[in-house]
Amino acid sequence: MWTFNIRQGVKFHDGSPLTADDVVYTFQQLSDPKNASNALSTFTGVLKPAGVVKVDASTVAFHLEAPNGNFPYIVSSDNYNAVIVPKGTDYAKYQKTFIGTGPFKLSSYSQNVSASFVANPDYWGGAPHLDGTTFNFYASQPPQVLALQGGQVDVIVQFVVEGAQSLLSGSYTIIKLKSANHRELSMRNDMAPFTDPRVRQAIALSLDRPGMVSALLQGDGVVGNDNPFSPKFPSTNTSVPQRVQNIAKAKQLLSAAGHPHGFSTTLTTEQYEEIPQLAQVIAEAATKIGVNIKLKVETQTAYYGKATYGNSDWLDAIMSLVDYGDRGVPNVFLEAPLTSSGPWNAAHFKNKTYDGLVKQYVAAVDLQTQRSLAGKIETLLPQRDAARDPVLHRWADREHAERPRPQPDVDLGHLPQGRV
């Protein structure tokens, strides 16, 4: 059980006080399977609505389904939509107000176009540094770069070097932050030819990971090691050897699996940042071992679908390549995409040993135990094969670019998150 004391003096944007009732309502809604919230990717197996209990007017207790040493992260912005809303809020109408307790209040919103905010004078953390801010939304990176260059926006958030080389000219301020952002390649463990672990391992061994970082990111990133542990996590066990390209061994594995002349398949992915280019690199690497990968690049709407099995190209395709955003702890990466009952298990990977290790890791409260279990997980996954933990490439740097301007630097900590 985790118990939280509610900060006093916090007000919603409509002036009403934030209370324990609001916290209970919010997390009961987010953890209720009937609501199909994206937050269930984190709360499934962790928290049920009945486990959120009001202790008194300023205290809320969370009775968990199992021990969880990183639970505070799960009720933070690390989790989808974990924003405290007033009791009784209709989430279907929430985007009309975006009511919360943050430093900025919504003034206007046009879906897929823009959102404007004004300063919240009652913000509990003190007055924000800006009178207001506007976020413009773009479907892809190129128009963002053009908007920055043309002076239509002051900042763009989270860009990749591919297609934005002009921003590295020295005319812009680049802010680099360590992140657990990564790209994950999944191969269906339950569909031929990837039912054979040797085939999946062969694909993993065909990849020139340092070359990917160099070509697509100009070095602003690190290679992945077929596990969900980012170098930024304190619990990551760095003693596990790095997997490297080995074309000869990959060909031997394919031959032993009954594919001496390779095979053909399709990789389905999304139109987002450098991912189409990464998919091309993966396909080109596969040709070196005789595997022909046809690419199917879709809009994000088509690719994700309903984000449920049977209704999503991401989760249903025989091969898929997807992006994962930053998290403060690896719990979501370990559970949702890889455990047997995970809602985002695009590889359809099922392994009882892995499930047990993750359960132990999640329950651990001290760093030494977490790191020991992390080492076992990092060792187990490549031994099984790359797709059973389908992380093939990890990005460690999140980049921001700012257009030069005379006013003082903006404290990004007081800006709402989003793409500018």
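This text goes with the structure placed above it.
No experiment lies behind these values; they were computed from the predicted model shown. (Residues numbered from 1 in each chain as written. Predicted model: local features only at pLDDT ≥ 70, side-chain atom pairs only at ≥ 80, totals over all residues. Heavy atoms only, no water.)

**Student:** How should I be thinking about empty space enclosed by the protein in this particular structure?
**Tutor:** Over the atoms, a rolled probe matching the size of one water molecule traces out where space is still vacant. Tallied over the full model, the rule gives two cavities of 30 Å³ or more. Taken together, Thr42, Tyr73, Ile74, Asp78, Asn79, Arg327, Val329, Asn331 and Val332 make up the lining of the second largest cavity. When residues of the lining of the second largest cavity are traced back to their parent elements, those giving at least two are helix 3 (71-74) and helix 11 (331-335). Its residues assigned to classes, the lining of the second largest cavity shows four nonpolar, three polar and two charged. (1 Å grid on protein atoms, 1.4 Å probe; cavity = no way out; pocket = protein on both sides within 12 Å on 5 of 7 lines; lining within 4 Å. Points joined across faces, edges and corners; volume = space filled by probe spheres on them. Helix = DSSP H or I, 4+ residues; strand = E, 2+ residues; numbered from the N terminus. Nonpolar A, V, L, I, M, F, W, Y, C, P; charged D, E, K, R; others polar.)

**Student:** Is there a simple way to think about the nonpolar core in this case?
**Tutor:** One recurring pattern in soluble globular proteins: nonpolar side chains tend to sit buried together. Judged by nonpolar contacts, the single largest core of 32 residues is most densely connected at Leu185, Phe194, Ile282, Val291, Ile293, Met319 and Leu321. When residues of this core are traced back to their parent elements, those giving at least two are strand 9 (182-187), helix 5 (197-205), helix 6 (209-217), helix 7 (247-256), strand 11 (263-270), helix 8 (275-287), strand 12 (291-298) and strand 13 (319-324). Here Phe194 is in contact with Met187, Arg188, Asn189, Val199, Arg200, Ile203, Phe263, Thr265, Ile318 and Met319, once residues within four sequence places are set aside. Counting 26 residues, the second largest nonpolar core, distinct from the first, contains Ile6, Val46, Val60 and Val85. (Core = buried A, V, L, I, M, F, W, Y, C linked by side-chain atoms within 4.5 Å. Buried < 20%, exposed > 50% of the residue type's maximum accessible area, 1.4 Å probe, protein only. Contact = heavy atoms within 4.5 Å.)

**Student:** What exactly am I supposed to notice about the side chain of Asn181 here?
**Tutor:** Here Asn181 is to be found in the loop between strand 8 (173-178) and strand 9. Within polar-contact distance, the side chain of Asn181 engages the backbone nitrogen of Asp326 at 2.7 Å. (Polar contact = N/O pair within 3.5 Å; in protein donor to acceptor, adjacent residues only side chain to side chain.)

**Student:** Where do I start with the sheet that holds strand 2 (residues 52-56) in this structure?
**Tutor:** Remark on secondary structure: sheet strands pair via backbone hydrogen bonds, oriented parallel or antiparallel. An order of 1-3-2 is seen for the three strands of this open sheet, with the pairing classed as antiparallel. The open sheet has two edge strands, strand 1 (2-5) and strand 2, and neither has a second partner. The mean angle between the axes of side-by-side strands here comes to 25 degrees, regardless of whether they run parallel or antiparallel. Where strand 1 lies against strand 3 (residues 59-62), four bridges are found, and the strand directions are antiparallel. Residue pairing across strands places Phe4 opposite Val60, the latter belonging to strand 3. Strands in contact with helix 1 (residues 20-30) are strand 2 and strand 3; relative to strand 2, the strand with the most contacts, it is inclined by about 175 degrees. (Pairing = 2+ DSSP bridges. Axes fitted to C-alpha atoms, helices over the stretch in contact; angles between N-to-C directions.)

**Student:** Honestly, the packing of helix 5 against helix 7 in this entry has me stumped. Any pointers?
**Tutor:** Each pair of packed helices gets described by two things: the angle between the helix axes and the distance between those axes. One can describe the packing of helix 5 onto helix 7 by two numbers: an axis separation of 8 Å at closest approach and a directional angle of 160 degrees. It follows from the interaxial angle that helix 5 and helix 7 lie roughly antiparallel. For the crossing formed where helix 5 meets helix 7, the hand is left-handed. Between helix 5 and helix 7, the residues in contact are Arg198, Val199, Gln201, Ala202 and Leu205 and Ile247, Lys249, Ala250, Leu253, Leu254 and Ala256, respectively. Class assignment for the residues of the contact of helix 5 with helix 7 results in eight nonpolar, one polar and two charged. (Parallel < 35°, antiparallel > 145°, perpendicular 65-115°, else oblique. Left-handed = near helix turned anticlockwise from the far one by under 90°.)

**Student:** What am I meant to see in the pairing of strand 6 (residues 132-136) here?
**Tutor:** A regular strand carries its side chains on alternate faces of the sheet. Only one face of strand 6 is covered, namely the one carrying Thr133 and Phe135; the face carrying Gly132, Thr134 and Asn136 has none of its residues buried. Note that strand 5 (residues 114-119) and strand 6 share five bridges and pair antiparallel. Note that in strand 6 the partner of Ser114 across the bridge is Asn136.

**Student:** Sorry, what's going on with the pairing of strand 9 here?
**Tutor:** Along strand 9, six of the six residues are buried, which leaves the element largely enclosed by surrounding structure. Here strand 9 shows no split at all, with His182, Glu184 and Ser186 on one side and Arg183, Leu185 and Met187 on the other all buried. By the bridge criterion, six bridges tie strand 9 to strand 13 in an arrangement that is antiparallel. Residue pairing for strand 13: Leu185 is matched across the bridge by Leu321.

**Student:** Would you mind going over the environment of Leu253 with me for this structure?
**Tutor:** Tracing the sequence through the fold places Leu253 in helix 7. Since its relative accessible area comes to 13%, Leu253 is described here as buried. It is 6.7 Å that separates the C-alpha atoms of Leu253 and Val199, two residues lying 54 residues apart in sequence. Non-local contacts of Leu253, meaning those with residues more than four positions away in its chain, are made with Arg198, Gln201, Ala202 and Leu205.

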